[in-house]
Amino acid sequence: MRRAVCPGSFDPITNGHLDIIERASKLYDVVHVAVLINPNKQGMFSIAERIALIEETTAPYGNVVVESHQGLLVDYCRDRGIPAIIKGLRAVSDFDYELQMAQMNHGLTGVETLFVPTSPTYSFLSSSLVKEVASYGGDVSHLLPGTVHRRLTERIAERNAAQG
Ligand code: PNS
């Protein structure tokens, strides 16, 4: 079985993430989507919610496994026999940090990182921008799967209600 991992925070998954996962799912027998837990960062969605949204939206691909992981990505890969990390590159600005992480990860365990150019449609897209625009009432419906957009709209309404 040829395996690869698409890692990230996925708070929440966007159409840009899905594009990369779908393309990876055509190249590998099994694609692991790893939701990395960052204990220092309070997300908009819990890890369980993020996993449920990813499972629902990637189900049509048929070969995607979704898991969370706290710790180093290289340990996740080693424990599961995954030789390749797939990352989407949106713009030159992504490159510096992604290259650093790729070189660090390769130095740690020899795991390879493969960069996939994002679709130009999503080159400006990030979960944090989507959350910011949506929280001010902007339309982000074309940037998210329908189910994710509904959950995000509900979550923002809950937050606004709690703040009074
Ligand atoms: O979606 P994000 O937040 O841009 O994803 C970044 C992520 C989670 C892939 C990256 O921070 C990561 O790999 N974190 C796991 C911890 C780790 O291995 N850190 C060392 C990287 S060289």
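Residues numbered from 1 in each chain as written. Predicted model: local features only at pLDDT ≥ 70, side-chain atom pairs only at ≥ 80, totals over all residues. Heavy atoms only, no water.

Enquirer: I would appreciate a short explanation of the overall build of the chain in the present structure.
Expert: The helix and strand inventory of the chain stands at 6 helices and 5 strands. Beginning at the N terminus, the succession of helices and strands in the chain can be written as β-α-β-α-β-α-β-α-β-α-α. Scaling as 2.2 N^0.38, a compact globule of 164 residues should have a C-alpha radius of gyration of about 15 Å, and the chain matches this with 16 Å. When the accessible surface of the chain is split by element, carbon and sulfur atoms take 53% of a total near 8,900 Å². Side chains of the chain carry 15 positive and 18 negative charges; the gap between the two charge centres is 1 Å. (Helix = DSSP H or I, 4+ residues; strand = E, 2+ residues; numbered from the N terminus. Rg over C-alpha atoms; globule rule 2.2 N^0.38 Å. Areas by Shrake-Rupley, 256 points an atom, 1.4 Å probe, with all protein chains shown as cover. Lys, Arg positive; Asp, Glu negative; His and termini not counted. Charge placed at Lys NZ, Arg CZ, Asp CG, Glu CD.)

Enquirer: Just to check I follow, could you spell out helix α2 (residues 47–58) for this structure?
Expert: Residues separated by three or four positions in an α-helix point in the same direction, a consequence of the helix having 3.6 residues per turn. The terminal C-alpha atoms of α2, which comprises 12 residues, lie 16 Å apart, in line with the 16 Å expected from a rise of 1.5 Å per residue. For α2, the secondary structure elements touched by its buried residues are α1 (15–27), β2 (30–36), β3 (64–69) and α6 (146–163). (Expected span 1.5 Å × (residues − 1). Contact = heavy atoms within 4.5 Å.)

Enquirer: Could you clarify how one ought to interpret the environment of Ser93 in this entry?
Expert: Considering the arrangement of structural elements, one finds Ser93 in helix α4 (residues 92–109). Ser93 sits in the exposed class, given a relative accessible area of 63%. Sequence separation between Ser93 and Phe45 is 48 residues; the distance between their C-alpha atoms is 26 Å. (Buried < 20%, exposed > 50% of the residue type's maximum accessible area, 1.4 Å probe, protein only.)

Enquirer: Help me out: how do you make sense of the site of the ligand in this one?
Expert: Looking at the ligand, the residues that line it are Pro7, Gly8, Ser9, Leu36, Gly71, Leu72, Leu73, Lys87, Met101, Met104 and Asn105. Between Ser9 and the ligand, the recorded distance is 2.5 Å, taken from a side-chain N or O atom to an oxygen atom. A distance of 2.9 Å is found between an oxygen atom of the ligand and a backbone nitrogen or oxygen belonging to Leu73. Expressed as a share of its isolated accessible area of 550 Å², the protein-covered part of the ligand is 67%. (Near = heavy atom within 4 Å. Polar contact = N/O pair within 3.5 Å; in protein donor to acceptor, adjacent residues only side chain to side chain.)

Enquirer: Is there a simple way to think about the sheet that holds β3 in this case?
Expert: Strand order in this open sheet of 5 strands is β3-β2-β1-β4-β5, and the pairing throughout is parallel. Each edge of the sheet is formed by a strand with only one pairing partner; in this case those strands are β3 and β5 (112–117). Shown here is a sheet whose adjacent strand axes are inclined to one another by a mean of 30°, direction ignored. Sheet strands touched by helix α3 (residues 73–80): β1 (3–8), β2, β3 and β4 (84–89). Its angle to β1, the strand with the most contacts, is close to 155°. Most of the contacts of α4 go to β4, to which it runs at about 175°, and overall it touches β4 and β5. (Pairing = 2+ DSSP bridges. Axes fitted to C-alpha atoms, helices over the stretch in contact; angles between N-to-C directions.)

Enquirer: I would appreciate a short explanation of α1 in the present structure.
Expert: With 13 residues, α1 should cover 18 Å at 1.5 Å per step; its first-to-last C-alpha distance of 19 Å lies within 8% of that length. If you check which residues of α1 are buried, you get Asn15, Gly16, Leu18, Asp19, Ile20, Ile21, Ala24 and Ser25. Tucked inside the fold, the buried residues of α1 contact β1, β2, α2, β3, β4 and β5. Between the side-chain oxygen at the start of α1 and the backbone nitrogen of Gly16 there is a gap of 3.1 Å, and the oxygen is on Thr14.

Enquirer: Explain a nonpolar patch on the surface to me, please; I cannot follow it from the model alone.
Expert: Where nonpolar side chains cluster on the molecular surface, the patch consists of Leu72, Met104 and Leu108 and spans about 310 Å² of accessible area. Along the chain, the position of Met104 falls in helix α4. Note on Met104: relative accessible area 53%, which makes it exposed. (Patch = residues over 30% accessible without salt bridge, like charges linked within 9 Å, V, L, I, M, F, W, Y side chains within 5 Å. Salt bridge = Lys/Arg side-chain N within 4 Å of Asp/Glu carboxyl O.)

Enquirer: What exactly am I supposed to notice about the nonpolar core here?
Expert: Soluble globular proteins: nonpolar side chains tend toward being buried together. Ile13, Ile21, Ile86 and Leu152 are the most contacted members of the largest nonpolar core, which totals 32 residues. Listed by contribution, the elements that provide at least two residues to this core are β1, α1, β2, α2, β3, β4, α5 (127–135) and α6. Here this core gets 4 residues from one element, more than from any other, and that element is α1. Once you skip the residues sitting within four places of it in the chain, Ile13 turns out to touch Leu18, Ile21, Leu53, Ile54, Thr57, Leu144, Pro145 and Val148. By size, the runner-up hydrophobic cluster in this structure holds 10 residues, among which are Val5, Val74, Tyr76 and Val111. (Core = buried A, V, L, I, M, F, W, Y, C linked by side-chain atoms within 4.5 Å.)

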